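# Coordinate analysis (summary)
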Amino acid sequence: MLSGDECVPTSHCGCSHHGVYYKEGETFYPTEQEICQCLSGGTVKCQNTSCPDGRPGKVIDGVFQCPLQVSSTCVATGDHTYVSFDGMAFNITGTCSYILTQTCTGDNATSFTVTIQKEARQKGKVSGIQALSVEVYGVTLTLKQGERADVMVDSISHHLPTILREGQVQVYVHGTGVLLRTDFGLIVHYDLVQHVMVTVPQTYMGRLCGLCGNYNGQRNDDFQLSSGQLAPDATAFGSAWKTTDTPCDDTCPKDECPTCPEEKVAVLQRPNYCGLLTAPEGPFGSCHRMIDPIPYSQSCIHDLCMMGGDTHVLCQNIQSYVTMCQHAGVTVGAWRTPSFCPLTCPANSTYSICTNTCANTCAGNATTCPQTCTEGCQCHQGFVFDGHSCIPEEHCGCFSDEEDYKGDPHFRTFNGLDFDFQGTCTYTMAESHGNDPGLVPFRVEAKNDIRGGIQSVSYVSLVNVDVYRQRISFHRNEVGKVRVNGEVTLLPVLLADGKVRVRPSGLCVALETDFGLRISYDWNWHLLIDLPSSYFRHVRGLCGNFNLKPLNEIPEAGDNITAIVTWAKSWKSADSEANDPICWDYCDGTCPVCDEDKKELYGGNQYCGIIKKSFQGPFRACHNIVKPQDFYHSCLSDLCLSDGARSILCQVLETYAAMCRKRGAVVHDWTPSGCPLPCPENSHYEPCGNACPATCSDWDSPTTCDQPCMETCACNTGHVLGGGQCVPVSCCGCTRDGRYYRPGEEFWGDETCRSRCRCDTELGMVVCEDSRCKPGEVCAVVKGVRRCVANSRSICVATGDPHYTTFDGHRYDFMGTCVYLLAGLCSTDPTLIPFAVTVENNHRGSHLVSFTKVVTMEVYNMTLSLSQEHPRKVKVNGVLLDLPFTHNQQLQVSLRGVHGFITTDAGVTVTFDWYSYARVIVPNTYAGAVCGLCGNANGDPHDDFVTRDGRRADNETHLGDSWKVGDVPGCSPGYSEGCQVCSDAQKRAYRGDKHCGLLVKKRGPFAACHDVIDPTPYLDDCLFDACLYEGHQDTVCQAIGAYVAACQSQGAAVRPWRTTAFCSMGRLGGLGRVGGLLEGREGHRG
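Residues numbered from 1 in each chain as written. Predicted model: local features only at pLDDT ≥ 70, side-chain atom pairs only at ≥ 80, totals over all residues. Heavy atoms only, no water.

## Structural notes on the overall build of the protein
Assigned secondary structure in the protein consists of 16 helices and 69 strands. For the protein, the residues scored as buried account for 51% of the 1086 residues in total. (Helix = DSSP H or I, 4+ residues; strand = E, 2+ residues; numbered from the N terminus. Buried < 20%, exposed > 50% of the residue type's maximum accessible area, 1.4 Å probe, protein only.)

## So, the nonpolar core
Formed by 84 residues in total, the largest nonpolar core has its most connected members in F442, I472, F474 and V502. Counting residues per element, this core draws most heavily on helix α5 (residues 311–327), which supplies eight residues. Look past the residues within four positions of I472 in its chain and what remains in contact with it is V463, N464, V465, V467, V482, R483, L495, V500, V502 and L511. (Core = buried A, V, L, I, M, F, W, Y, C linked by side-chain atoms within 4.5 Å. Contact = heavy atoms within 4.5 Å.)

## Details of a nonpolar patch on the surface
Together, L763, M765 and V767 make up an exposed nonpolar region whose accessible area comes to about 260 Å². Structurally, the position occupied by M765 is in strand β51 (residues 765–770). Given the relative accessible area of 43%, M765 is considered partly exposed. (Patch = residues over 30% accessible without salt bridge, like charges linked within 9 Å, V, L, I, M, F, W, Y side chains within 5 Å. Areas by Shrake-Rupley, 256 points an atom, 1.4 Å probe, with all protein chains shown as cover. Salt bridge = Lys/Arg side-chain N within 4 Å of Asp/Glu carboxyl O.)

## With respect to the sheet that holds strand β49 (residues 746–748)
Judged by pairing direction, the sheet is antiparallel, and its three strands sit side by side in the order β49-β50-β51 without closing on themselves. The open sheet has two free edges, formed respectively by β49 and β51, since each of these has just one partner strand. Across the sheet, the mean angle from the axis of one strand to that of its neighbour is 30°, orientation sign disregarded. (Pairing = 2+ DSSP bridges. Axes fitted to C-alpha atoms, helices over the stretch in contact; angles between N-to-C directions.)

## Describing the sheet that holds strand β6 (residues 34–38)
Across the sheet, which stays open at both edges, the three strands sit in the order β5-β6-β7 with antiparallel pairing between neighbours. One side of each edge strand has no neighbouring strand; the edge strands of this open sheet are β5 (27–31) and β7 (44–48). Adjacent strand axes in the sheet meet at a mean angle of 30°, parallel and antiparallel pairs treated alike. Here β5 runs beside β6; their pairing, made up of three bridges, is antiparallel. By the bridge assignment, T31 is partnered in β6 with E34.

## Overview of the confidence of the model for the protein
Here the protein averages 81 in pLDDT, while 86% of its residues score no lower than 70. Mean pLDDT per element in the protein: helix α16 (residues 1082–1085) is the minimum at 28, and strand β68 (residues 930–931) is the maximum at 94. Every residue in residues 1067–1086 scores below 50 in pLDDT, and together they form 72 contacts with partners more than four places removed in sequence or on other chains. (pLDDT = per-residue confidence, 0-100.)

## Side note on the packing of aromatic side chains
Applying the stated rule across the entire model yields 28 aromatic pairs. Both rings, one in F90 and one in F223, keep their centres 5.3 Å apart while their planes meet at 90°; by these two values the pair is edge-to-face. Separated by 133 residues along the polypeptide, F90 in strand β12 (residues 89–91) and F223 in the loop between β24 (208–209) and α1 (234–240) bring together distant segments of the chain. Each member of the pair, F90 as well as F223, carries the same accessibility label: buried. A ring pair is formed by F90 and F237, whose centres lie 5.8 Å apart and whose planes are at 75°; its orientation type is edge-to-face. A residue pair is termed long-range when its members are at least 10 positions apart, and F90 in strand β12 and F237 in helix α1 qualify at 147 residues. On the basis of relative accessible area, F90 is assigned to the buried category, the value being 7%. Owing to a relative accessible area of 0%, F237 belongs among the buried residues under this scheme. Three or more aromatic residues joined by ring pairs form one cluster here, namely F1006, Y1018, Y1043, W1057 and F1062. (Phe/Tyr/Trp six-rings, centres within 6.5 Å; stacked < 30°, edge-to-face > 60°.)

## Remarks on unusual backbone geometry
Where the residue is not glycine, phi is negative for most of them; where a peptide bond is considered, it is trans in most cases. Residue P492 is reached from L491 by a cis peptide bond, and omega for that bond is 0°. Residue position: P492 is located in the loop between β36 (487–490) and β37 (493–495). Here the amide bond leading from L883 into P884 is cis, since omega sits at 0°, within 30 degrees of zero. Counting through the fold element by element, P884 comes out in the loop between β62 (879–882) and β63 (885–887). Positive phi, normally seen in glycine, also occurs at L192, with a value near 65°. Looking at the secondary structure, you find L192 in the loop between β22 (187–190) and β23 (195–201). Take L192: its relative accessible area is 5%, and that puts it in the buried class. The phi torsion at N477 lies on the positive side, around 70°, for a residue other than glycine. Positionally, N477 belongs in the loop between β34 (470–475) and β35 (481–484).

## Considering the packing of helix α14 (residues 1016–1028) against helix α15 (residues 1033–1049)
Between two packed helices, the angle of one axis relative to the other and the distance separating the axes together describe the packing. At their nearest, the axes of α14 and α15 sit 8 Å apart, and the two run at 165° to each other. By the angle between their directions, the pair α14 and α15 is classed as roughly antiparallel. Relative to α15, α14 is oriented so that their crossing is right-handed. From α14, Y1018, C1022, D1025 and A1026 reach across to α15, where they touch T1035, V1036, A1039, A1042, Y1043 and A1046. Tallied by class, the residues present in the contact of α14 with α15 amount to eight nonpolar, one polar and one charged. (Parallel < 35°, antiparallel > 145°, perpendicular 65-115°, else oblique. Left-handed = near helix turned anticlockwise from the far one by under 90°. Nonpolar A, V, L, I, M, F, W, Y, C, P; charged D, E, K, R; others polar.)

## Concerning the pattern of salt bridges
Across all of its chains, the model carries 20 salt bridges by this definition. Taking the shortest distance from any N to any O, the salt bridge between R811 and D1021 comes out at 2.2 Å. One end of the pair, R811, is in strand β56 (residues 811–813); the other, D1021, is in helix α14, and 210 residues separate them in sequence. We classify D1021 as buried; its relative accessible area is 11%. Of the charged contacts, one joins D949 and R951 as a salt bridge, the two residues approaching to 3.1 Å between their closest N and O atoms. Since its relative accessible area comes to 55%, R951 is described here as exposed. Put simply, E431, R443 and R540 are held in one network by salt bridges that share partners.

As structure tokens, then:
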């Protein structure tokens, strides 16, 4: 039977609930207060769900989530170390029972008390934590040292996991310890040896007391007693928060707790001991910015000193810091080895540095698992944790429900390896690999380009992300937009049923997935890829393998450029060269270098030096969090190779500032360095603005943002982002299928162009109507826009003296030298873009022949001219401009080979070689709708001789003169008589291979094209022109070049035909400028 999108046995059919079908085993949320599960046999089981303090929750990506809470953590670790909620570290050497924290005010906050019992100290031993107790909701839960499988609930032993009061209190194994959590946000983690971590939500600020302090955001009053006074020292503070359960010692005698000798401290500070915790390049360097390692390092040194360097104590201290880092969501490096702190796992399980035991237990979905992982033993596939060990899932008993890459051309891998690579092709930056079914497949590609003609400097210009069967692309300078499966879409965008979110974030675009992949691109050069730790060793590409071993990422690399290029080339995308045939992997031979004078200049504080300036520098607070050296060196390199371009400097500084803020560092104003941020209309500059700005699609985005602030152009009051611009709230457009559209915007609403849609702001919604493409059109995506595109085209050619070939293939000669309409729109069809193409011909030595002198196109209320007088330039509205030229993405004028191309988004193209070869190319949507010397493009060559007034022309002169649209000084009409001045005998002299005969040579360079395009008409034109000019080679070359262009436009193969003695490229000046579609490449593309 069909169940959703798959066929299943009838016995495994799902459930129907309120008219909606769910698969067997599926968990769903019919309301925001109810969670249901489809059981076997079609039974639906539901229960209520809610957030702490009655706050509303939301179903996000199919999972019920409560609003994120700001929290703080207090720690008791090692022999005597404590860190308060407000971050003050202190030592208490007593071995009593202490109140770590408890509620001390009589308001409506749920009350609780957390106490610890320290071990009685023995000489030469450290005092661990013997027991932990939590009093909450009228019950006392006690965990004891070493007892991993049980918890005491009011003196009665319960196997883990234990769930009380319908989920209000949950206790379960998490990693190597046990975690207790409540529905109001209290989380207590105990490693069952010597480390306790208590986390409370921000709602308890100022309401707590105990060794953890009062949680008021100030460290200077953390030694506050119950009387409100401050204790004189840590010992007195600890004594004040003792419980009266049993006699104990408040201090440790000096003979039992001697001061550690300096020489011993020096040994224990080495990286193979406690120094591993503080090593910047060590496995925990990524955590230093989040969790200060100094208290843990000092505790480690103290404990090891007391225990004589005991390895078990060392491992336990390091594990305590790892627990803190992972609780904070930091990915730590692999630190255990078979010979250093190995962790023994039970049968059917394997050690993992990042696992979530809670998510794979016999309790199933009954427990609320933490979002962050922890190191521990992960059960093998098909096994689950029952509180003691990993057992087959079917053996479970009954259960009762009661947590880089940057621009030119610098790379930093996931493992922290830095290298440079200047390739300009498309490369795989990161992709998932392996056969882990729990990981979502993805791929991130990036393409570089060069700017300013400097081959040694490349920048990220395109980013492709493949995930959930979607291709999401970011193109340089397409600010506020994203391409989804090729279609240009305004931000923000929700895809794959909300599993992928793409939104503006500061000066960048951010892509976020439900499995933790996050990508940021600044639409210019800087790409950042964040991966969750679940992809550890399951990713590959230029960003590395994420195995936390940076030195083995590039085989035999070091400073070996060849090895780096060879390795990087292996990650070139399969279709890279097909999309960009001239891309390259290595700059060969023309790379500039940076001299010492430039290095000294650009290394000063007016340039790159500002990055590492420590005294009153704008980034000084970030130096210990994000190392400035790497950014400084990248900046110095980029500025040297771009001759100090201020825009490059600004990009580097913006990137470093963004990275600092992302890590939580304060960045002072650095804009005086000459990098003002020009903010668009209705916005203003903010050095630390919200990273999730309000948009027309999501006004509440700032209130749910969990990202650090960032430099941005914030919309003014009363405005929100709409399509990359700040618009008044009242001027917002429409959202449909997770995509935003501007007011009045029209688009195709499906992939087959059967539904035409429009954003109707009066209705406040998108309105669609049935529609379809015209006959001869197909639905396709062109330049990011879905549209109806002609499936064929027609070409009209004017070449030589000139010889005309209409859209429908009728050939004739006309020698008038005035201004004539070559082709233009003569229909009232409102769906067609109006245009007109005119030509002005001139005589060259003989009044019996004329050549095209000027080609002019009028379109989009603009006039563009290509003329013999100004080769390789275009005149736009009378102003002479260099190529290339673009206008509002509606038209482009570019140079291809020796031809100038005027290309419009309507599909009409005009080409001219600035000598005598002109073409007009129209899509078949214009069939029967055009007129002029080129005919009507209706497919019938017999009706092309039609004059302006609709009558059939008597001859070529009658036809041509009827389409005259302007006079120029000295112009003359066409000639109807006397044009044939060469006899057949005279033409025969030019039929040889050294002249026009090359066109029809059976084994010549054009033989492969003969079956595609008949060369006979081109031979006739060539003989006609060559005879009139007495065999002048330039005329022959131009005639042959016309055939080459026709062949190449049809994709036919053409072999090299020019030699140094015959039609060499050096003759492409003056009269001899002729040739194919891409002169000089005929033999390459065919």
